[in-house]
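Each chain, letter by letter, is given below.
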Amino acid sequence: MSESSSGAYPDSAVTDSHESVESALKLVYGFRSTQVTYVVAKLGLADHLADGPLTATELASRVNVKPENLGRVLRLAAFFGVVAEVPGERFELTSLGRMLGTDAAGSIKATAIMLGEEHYGAWGSLLHSVKTSEPAFEHVYGAPFFDYMAAHPDVQATFDAAMSAGMDVMLESLCDAYDFSGSRLVVDVGGGNGSVAAMILGRHPHLEAVIYDQAQVLAAAESYLTAASVRSRCRLVPGNFFESVPEAGDAYVLSNIIHDWDDERALRILRNCRAAMAPGAAVLLLEAVLPEHGSPSVAAMADVNMMVLLTGRERTEKQYAALLEAAGLRLSKVTPIWARESLIEARPL
Ligand SMILES: C[S@@+](CC[C@H](N)C(=O)[O-])C[C@H]1O[C@@H](n2cnc3c(N)ncnc32)[C@H](O)[C@@H]1O
């Protein structure tokens with residue numbers, strides 16, 4: 001296959017405009033930018049470049065890789081805008097590249113690592129999911145997604161970090177979208193590292209929270225909540241939301257939980273919340289709501305991701321209303337809060 005410097009397309013019979021061929025090829029070559037960004041993130045190159053430009057040889061000796069090949073990858077990273085080539089054969093970080101720094105505001109480092117590793121491997125078998133309905137992840141890695149992470153603490157840690165990365169703006173919007181003044185106890189169902197509860201408690205000093213998740217995840221919550229100075233108002237409860245959910249909460253927050261599961265399993269979680277709720281309590285789902293057919297949406301990306309990794313799906317507002325009703329809940333309000341995420345409020349029927 002020939003690859004020209006201007007974007008790599010065949011010489012023959014180019015009937016479309018260059019622009020449309022370039023766009024089409026950008027789609028096809030997407031995996032390359034994923035892997036280049038992954039290498040930069042995994043090797044921590046943004047941290048090494050934080051104090052100024054370095055040559056590939058200098059960088060390679062710091063991270064113990066082959067200088068020549070690292071230099072070649074960095075030139076591609078420059079093409080993607082992650083670094084810039086500067087005099088003296090050196091590379092410097094761009095504003096895009098700075099976001100791969102460990103401590104950068106809104107860092108996407110953990111996300112780049114997560115997507116470049118198991119997500120990448122699983123998406124490589126998307127066709128398998130389409131042909132069989134089996135999650136590609138299970139086909140490739142031999143275990144369901146959450147079980148696999150439970151057996152691989154490093155993968156779990158990257159996932160937990162990626163889940164909360166860049167969430168601050170979204171969580172601020174959640175606090176604006178829902179009036180927590182009448183609540184006392186928030187139950188964060190599948191609360192992960194506690195970042196959602198930490199934001200809510202940070203804004204509302206009168207609130208307490210239960211972080212409910214699998215035991216191996218709660219260690220990350222312990223340190224996150226401590227660093228956020230809200231640990232003393234939280235109880236960390238290990239458990240399985242398919243069996244039960246802690247009782248007596250006024251607000252059951254499920255952030256990116258229901259979309260992980262097929263209708264049957266999603267219903268089990270919602271029914272357990274319904275059974276545990278105090279009178280007058282609310283269920284608050286944070287999810288990407290799919291528009292009806294005819295409106296292309298970035299939520300479709302998350303939808304297919306759920307197909308690849310798990311048995312889940314993104315849903316339309318109508319689908320959420322039906323699911324909630326089957327669990328004895330009435331969808332009362334949907335508030336778009338940030339990017340593709342919405343707050344879906346439900347009350348007992
Ligand atoms: C997509 S993450 C969402 C984490 C967090 N709510 C957030 O938005 O950052 C899904 C969470 O569900 C938890 N989870 C998966 N299966 C579970 C189960 N059977 N019981 C309790 N929690 C579970 C996972 O450990 C993970 O923390």
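As the structure is a computational prediction, the values presented were derived from the model and not from experiment.

Chemist: Summarise the environment of Leu201; cite the residues concerned and give the values.
Modeler: Along the chain, Leu201 turns up in helix α13 (residues 195-203). When the C-alpha positions of Leu201 and Val230 are compared, they lie 6.8 Å apart, and in sequence the two are 29 residues distant. Beyond its immediate chain neighbours, meaning those up to four positions away, Leu201 contacts Leu207, Glu208, Ala209, Val230, Arg233 and Cys234.

Chemist: With reference to specific residues and values, describe the confidence of the model for the protein chain.
Modeler: When pLDDT is averaged along the protein chain, the result is 93; 95% of the residues meet or exceed 70. Low pLDDT, under 50, characterises residues 1-12; the predicted model gives this stretch 16 contacts beyond four residues in sequence or across chains.

Chemist: Would you mind going over the site of the ligand in detail, with residue names and values included?
Modeler: Near the ligand there are 18 residues, and of these Gly190, Asp213, Gln214, Asn240 and Ser255 occur at the shortest range. Gly239 places a main-chain nitrogen or oxygen 3.4 Å from a nitrogen atom of the ligand. Here an oxygen atom of the ligand and a side-chain polar atom of Ser255 are 2.6 Å apart. Look at the ligand: alone it shows 590 Å² of surface, and the protein chains cover 96% of it. Counting contributing residues, the shell around the ligand receives three or more from each of domain 2 (109-163) and domain 3 (167-291 + 309-348).

Chemist: I'd like a description of the pairing of strand β3 (residues 90-93), backed by residues and values.
Modeler: Across the two faces of β3 the burial differs, with Phe91 and Leu93 buried and Arg90 and Glu92 not buried at all. Pairing between strand β1 (residues 54-55) and β3: 2 bridges, direction antiparallel. Looking at β3, one finds that Thr55 is bridged to Arg90. Where strand β2 (residues 83-86) lies against β3, 4 bridges are found, and the strand directions are antiparallel. Pairing of Val83 across the sheet is with Leu93, part of β3. As consecutive antiparallel partners, β2 and β3 are separated by 3 residues, and within that stretch Gly88 has a phi angle of approximately 85°, a positive value.

Chemist: Pulling in residues and values, what's your account of the packing of aromatic side chains?
Modeler: All chains considered together, the criterion is met by 13 aromatic pairs. Counting every residue linked through ring pairs, the aromatic cluster contains Phe137, Tyr141, Phe145, Phe146, Tyr148, Phe159, Phe241, Phe242 and Trp261.

Chemist: Before we move on, can you summarise the sheet that holds β3 with the specific residues and values?
Modeler: The antiparallel open sheet is built from 3 strands, whose spatial order is β1-β3-β2. The open sheet terminates on both sides in strands that have one partner only, identified here as β1 and β2.

Chemist: For the domain arrangement of the protein chain, give the residues involved together with the corresponding values.
Modeler: Looking at the protein chain, the domain boundaries give domain 1 (18-98), domain 2 (109-163) and domain 3 (167-291 + 309-348). The distance between the C-alpha centroids of domain 2 and domain 3 comes to 23 Å. Between domain 2 and domain 3, the contact holds 10 residues from the first and 12 residues from the second. A buried area of about 1000 Å², summed over both sides, lies between domain 2 and domain 3, and 66% of it is on carbon and sulfur atoms. In terms of surface lost to domain 3, no three residues of domain 2 exceed Phe146, Asp160 and Met163, which account for 50% of the buried area on that side. Our count for the domain 2 to domain 3 interface comes out at 0 salt bridges. The tally of links from domain 2 across to domain 3 stands at 0 residue pairs in polar contact (both at pLDDT 80 or more). Class assignment of the residues belonging to the side of domain 2 that touches domain 3 gives a composition of 7 nonpolar, 2 polar and 1 charged.

Chemist: So, the packing of helix α12 (residues 168-177) against α13: which residues are in play, and what are the values?
Modeler: At their nearest, the axes of α12 and α13 sit 10 Å apart, and the two run at 50° to each other. Accordingly, the angle class assigned to the pair α12 and α13 is oblique. Handedness of the crossing formed by α12 with α13: right-handed. Touching Asp168, Leu171, Glu172, Leu174, Cys175 and Asp176 of α12 are Ser195, Val196, Met199, Ile200 and Arg203, all from α13. Here the contact of α12 with α13 is built from residues that sort into 6 nonpolar, 1 polar and 4 charged.

Chemist: Talk me through the pairing of strand β6 (residues 234-238); I want residue IDs and the actual numbers.
Modeler: Summarising the sheet, strand β5 (residues 208-213) and β6 pair through 5 bridges and their orientation is parallel. Residue Tyr212 lies in a different strand from β6, and its bridge partner there is Val237. In this fold, the crossover linking β5 to β6 by way of helix α14 (residues 218-227) has right-handed handedness.

About the thresholds
Residues numbered from 1 in each chain as written. Predicted model: local features only at pLDDT ≥ 70, side-chain atom pairs only at ≥ 80, totals over all residues. Heavy atoms only, no water. Helix = DSSP H or I, 4+ residues; strand = E, 2+ residues; numbered from the N terminus. Contact = heavy atoms within 4.5 Å. pLDDT = per-residue confidence, 0-100. Near = heavy atom within 4 Å. Polar contact = N/O pair within 3.5 Å; in protein donor to acceptor, adjacent residues only side chain to side chain. Areas by Shrake-Rupley, 256 points an atom, 1.4 Å probe, with all protein chains shown as cover. Domains from an automatic or database assignment. Buried < 20%, exposed > 50% of the residue type's maximum accessible area, 1.4 Å probe, protein only. Pairing = 2+ DSSP bridges. Phe/Tyr/Trp six-rings, centres within 6.5 Å; stacked < 30°, edge-to-face > 60°. Buried area = accessible area lost by both parts, 1.4 Å probe. Salt bridge = Lys/Arg side-chain N within 4 Å of Asp/Glu carboxyl O. Nonpolar A, V, L, I, M, F, W, Y, C, P; charged D, E, K, R; others polar. Axes fitted to C-alpha atoms, helices over the stretch in contact; angles between N-to-C directions. Parallel < 35°, antiparallel > 145°, perpendicular 65-115°, else oblique. Left-handed = near helix turned anticlockwise from the far one by under 90°. Right-handed = clockwise from strand over helix to strand, strands pointing away.

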